[in-house]
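Coordinate analysis (summary)
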Amino acid sequence: MNNQEKIQDLIQKRQEAALGGGEKRIEAQHQKGKYTARERIHMILDDGSFEEFDMFVQHRSHNLGIEKEHYLGDGVITGHGTIDGRIVFIYSQDFTVFGGSLSETFAQKICKVMDMAMKVGAPIIGINDSGGARIQEGVNSLAGYAEIFQRNIMASGVIPQISAIFGPCAGGAVYSPALTDVVIMSNNTSYMFVTGPKVVKTVTGEQIDTEELGGASVHATKSGVAHFRADDEDEGIMLIRKCLEYMPQNNLEEPIQTVCDDPIDRLEDTLNEIIPENPMEAYDMKDVIYSIVDSQELLEFQRHYAKNIITGFAKFDGMPVGVVANQPNYLAGVLDINASRKAARFVRMCDAFNIPILTLVDVPGFMPGSRQEHGGIITHGAKLLFAYGEATVPKVTVTLRKSYGGAHDVMSSKQLRGDLNYAWPTAEIAVMGPKGAVEVLESRHINALPPEEAAEYIRKKEQEYTEKFANPYEAAKFGYIDDVIEPRNTRFRVIRAFKTIAGKKDTNPPKKHCNIPL
Ligand code: HXC
């Protein structure tokens, strides 16, 4: 070959690689309502920014006839590009090549971009669409998975790791996404499970289909494995880009502040009216969040899971902030096992990536009952307590209404290094609610009263308790609350609080690692 022929040969090889498993399989992929691995990359990254690595890698297996079949790139497309001008590394499994199954060389390609992402200090995005371990590769495939897992673990808390599941993700393959910060699943076209329906049937006799066992709905509502359920891949891709907007490139950088055209001193009169007079009545915490964040934008994590707590990214004067808020509209905003786990993981992610945390409190306490106790609410509740206490990022807390008992301590209280703790005048910060307190303290006396007098006595005692304890001023008296603020002023006060404490430093003692109650 002369030089011109060599150049033509390169162009031809690139074209061959671009076709993956061939046009027929690409067509089949589209028929299923899925994009190809390459299309996904081009949609995720800024136009023209993708640079591919290892396009000419091929598998090295000689088992079961696979030695006769080779595809340039071997079923995974890897490289780097930019999102909003910031470098990211990416890999995208190509279902058109051996069903996107993972070979030794496939794993090596992924490990290479993960290593580069770590060296550079840039996020890594993984697109999953794979039949799992490549059967012909045997233990080399298992070893390849473990190499990826190890890198996921080392990268955890160092660079943002985002996983999108846009097809099958089964067996041990599920554990790579599970180790990452964000898991996005596309509705109806993706599934994740450790063992598929056939094995489930054989081992347990249970008959269940793929969607019910591990579809996006299940993981978004029941298991909590998925942080986002996207209507389709387009939405999933938008979510990848959106998540990274709030995250820094790595744990040594701060999140990027953007220009904000929403006035910082915007007063929200509706907030002065939002708390119902009746403490048993609910309101929607999301109304509060939308009215105080920039441009009413909240990127909510696990929206359909443990709805009694809200977690999500928002901005205040263009600064990314993680919002954690009890939701009185769902189970009265109680802290239960799932809510504790959900919020704990979110708080730790924010802390790992220097994202300040705003906590909005309206919590009646921990969920009582044997199901919760036997399920380990003690350990799970401790996760959230631990996460807040360990976090060194700026923490602002606003108590809107109830803040009772252990849940008061847990929800970013002053003593857990809450930096600035505000309360609305409607706050009730106490050991327990008036009803419970009167029952405990007065039961002997109440039982001795004739029934016609008991009700009036209880009412009187509850009122007495409410006046004494169910307010923010007891806590403010001791300095546990820094200020009682007018609700309509909350946006301004929160922004000023974060600006004031932006440079604050908290440290944890040197240690190998903590022993969070997992
Ligand atoms: C090799 C595979 C493959 C695999 C699919 N293919 N999975 N090749 N190893 N694991 C190939 C098929 O032979 C086929 O090749 C092409 O990919 C597309 O597969 P189809 O079956 O035609 O596609 P579809 O009907 O859409 O079904 C997709 C599927 C099914 C549900 C993923 O292929 C499947 O069940 N695959 C096996 C899944 C599995 O059991 N994997 C191992 C899990 S254990 P042609 O040439 O016809 O296009 C595991 C352990 C990991 O992963 C452990 C980590 C610690």
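Residues numbered from 1 in each chain as written. Predicted model: local features only at pLDDT ≥ 70, side-chain atom pairs only at ≥ 80, totals over all residues. Heavy atoms only, no water.

1. Thoughts on the pattern of salt bridges
- One pass over the structure, following the stated rule, counts 35 salt bridges.
- The salt bridge partner of Asp115 is Arg151, with a shortest N-O separation of 2.8 Å. Separated by 36 residues along the polypeptide, Asp115 in helix H4 (residues 104-120) and Arg151 in helix H5 (residues 139-155) bring together distant segments of the chain.
- Asp115 sits in the partly exposed class, given a relative accessible area of 32%. (Salt bridge = Lys/Arg side-chain N within 4 Å of Asp/Glu carboxyl O. Helix = DSSP H or I, 4+ residues; strand = E, 2+ residues; numbered from the N terminus. Buried < 20%, exposed > 50% of the residue type's maximum accessible area, 1.4 Å probe, protein only.)

2. Brief notes about the side chain of His227
- Along the chain, His227 turns up in the loop between helix H9 (216-221) and strand E9 (228-230).
- Exposure remark for His227: the relative accessible area of 10% places this residue in the buried category.
- The contact partners of His227, leaving out residues within four places of it in the chain, are Asp181, Val182, Val183, Glu300, Phe301, Gln302 and Arg303. (Contact = heavy atoms within 4.5 Å.)

3. As for empty space enclosed by the protein
- Tallied over the entire structure, the rule returns six cavities of 30 Å³ or more.
- Forming the walls of the largest cavity are Tyr91, Gln93, Leu102, Ile110, Asn128, Ser130, Tyr145, Ile148, Pro168, Cys169, Ala173 and Ser176.
- Looking at the lining of the largest cavity, the elements that each hand over two or more residues are strand E3 (86-93), H5 and strand E6 (168-170).
- Each residue belonging to the lining of the largest cavity can be placed in one class, and the counts come to eight nonpolar, four polar and no charged. (1 Å grid on protein atoms, 1.4 Å probe; cavity = no way out; pocket = protein on both sides within 12 Å on 5 of 7 lines; lining within 4 Å. Points joined across faces, edges and corners; volume = space filled by probe spheres on them. Nonpolar A, V, L, I, M, F, W, Y, C, P; charged D, E, K, R; others polar.)

4. A look at the state of the cysteines
- The final tally for this structure, using the stated rule, is zero disulfides.
- With no disulfide of its own, Cys350 lies 11 Å from the sulfur of Cys243, the closest cysteine sulfur.
- Exposure remark for Cys350: the relative accessible area of 0% places this residue in the buried category.
- Here Cys514 is not cross-linked by a disulfide; its sulfur's nearest cysteine counterpart is in Cys350, at 16 Å. (Disulfide = S-S within 2.5 Å.)

5. A look at the environment of Asn329
- Relative to the helices and strands, Asn329 is located in the loop between strand E12 (319-326) and helix H12 (337-352).
- Sequence separation between Asn329 and Ala282 is 47 residues; the distance between their C-alpha atoms is 5.2 Å.
- Excluding residues that lie within four positions of it along the chain, Asn329 makes contacts with Ala282, Tyr283 and Asp284.

6. Describing unusual backbone geometry
- The phi torsion at Asp54 lies on the positive side, around 55°, for a residue other than glycine.
- Tracing the backbone through its elements, the reader meets Asp54 in the loop between strand E1 (51-53) and strand E2 (76-83).

7. Topic: the site of the ligand
- Every one of the 19 residues lining the ligand counts as a neighbour, but Arg25, Gly99, Gly131, Ala133 and Ile135 are closest to it.
- Note that an oxygen atom of the ligand is positioned 3.2 Å from one of the side-chain N or O atoms of Lys32.
- Protein contact buries 53% of the 1,000 Å² of open area that the ligand shows by itself.
- Breaking the shell around the ligand down by element, the ones donating at least two residues are H5 and E6. (Near = heavy atom within 4 Å. Polar contact = N/O pair within 3.5 Å; in protein donor to acceptor, adjacent residues only side chain to side chain. Areas by Shrake-Rupley, 256 points an atom, 1.4 Å probe, with all protein chains shown as cover.)

8. Let's talk about H4
- Given a rise of 1.5 Å per residue, 17 residues ought to cover 24 Å, and the 24 Å separating the end C-alpha atoms of H4 matches this to within 8%.
- Where H4 is concerned, the buried positions are Thr105, Phe106, Ala107, Lys109, Ile110, Cys111, Val113, Met114 and Ala117.
- Buried-residue contacts for H4 involve E1, E2, E3, strand E4 (124-128), H5 and strand E5 (161-165). (Expected span 1.5 Å × (residues − 1).)

9. Describing the pairing of strand E15 (residues 420-423)
- Here E15 shows two buried faces, one formed by Leu420 and Tyr422 and the other by Asn421 and Ala423.
- In the classification by handedness, the crossover that spans strand E14 (residues 395-404), the intervening helix H15 (residues 405-410) and the parallel E15 is right-handed.
- Strand direction decides the pairing type here: E15 and strand E17 (residues 483-484), joined by two bridges, are parallel. Paired with Tyr422 across the bridge in E17 is Asp483. (Right-handed = clockwise from strand over helix to strand, strands pointing away. Pairing = 2+ DSSP bridges.)

10. Here's the deal with the sheet that holds E9
- Spatially, E1-E2-E3-E4-E5-E7-E9 is the arrangement adopted by the seven strands of the open sheet, whose pairing is mixed. The outermost strands of the open sheet, each flanked by one partner alone, are E1 and E9. Sheet twist, expressed as the mean angle between neighbouring strand axes with direction ignored, is 20°.
- With three bridges joining them, E1 and E2 adopt antiparallel strand pairing. Following the sheet pairing, Glu51 is matched in E2 by His80.
- Along the sheet, H4 makes contact with E1, E2, E3, E4 and E5, crossing E3 at roughly 165°. (Axes fitted to C-alpha atoms, helices over the stretch in contact; angles between N-to-C directions.)

11. What to know about a nonpolar patch on the surface
- Together, Val431, Met432, Val440 and Leu441 line one region of the surface with nonpolar side chains, adding up to about 410 Å² of accessible area.
- Its place among the elements puts Leu441 in helix H16 (residues 434-448). (Patch = residues over 30% accessible without salt bridge, like charges linked within 9 Å, V, L, I, M, F, W, Y side chains within 5 Å.)

12. Some words on the packing of helix H3 (residues 37-44) against helix H10 (residues 233-246)
- Put simply, H3 and H10 touch, their axes get as near as 9 Å, and they point 45° apart. Classified by the interaxial angle, the pair formed by H3 and H10 is oblique. In this structure, H3 meets H10 at a crossing whose hand is right-handed. Each of Arg40, Met43 and Ile44 in H3 lies in contact with H10, whose residues at this interface are Glu233, Asp234, Ile237, Ile240 and Arg241.
- Residues that form the contact of H3 with H10 fall into these classes: four nonpolar, no polar and four charged. (Parallel < 35°, antiparallel > 145°, perpendicular 65-115°, else oblique. Left-handed = near helix turned anticlockwise from the far one by under 90°.)

13. Overview of the pairing of strand E13 (residues 357-363)
- Along E13, seven of the seven residues are buried, which leaves the element largely enclosed by surrounding structure.
- Two strands pair when backbone bridges link them, and E12 and E13 are joined in this way by four bridges, in the parallel orientation. In the strand pairing of E13, Gly322 is matched with Ile357.
- Following the backbone out of E12, through H12 and into the adjacent parallel E13, one traces a crossover that is right-handed.

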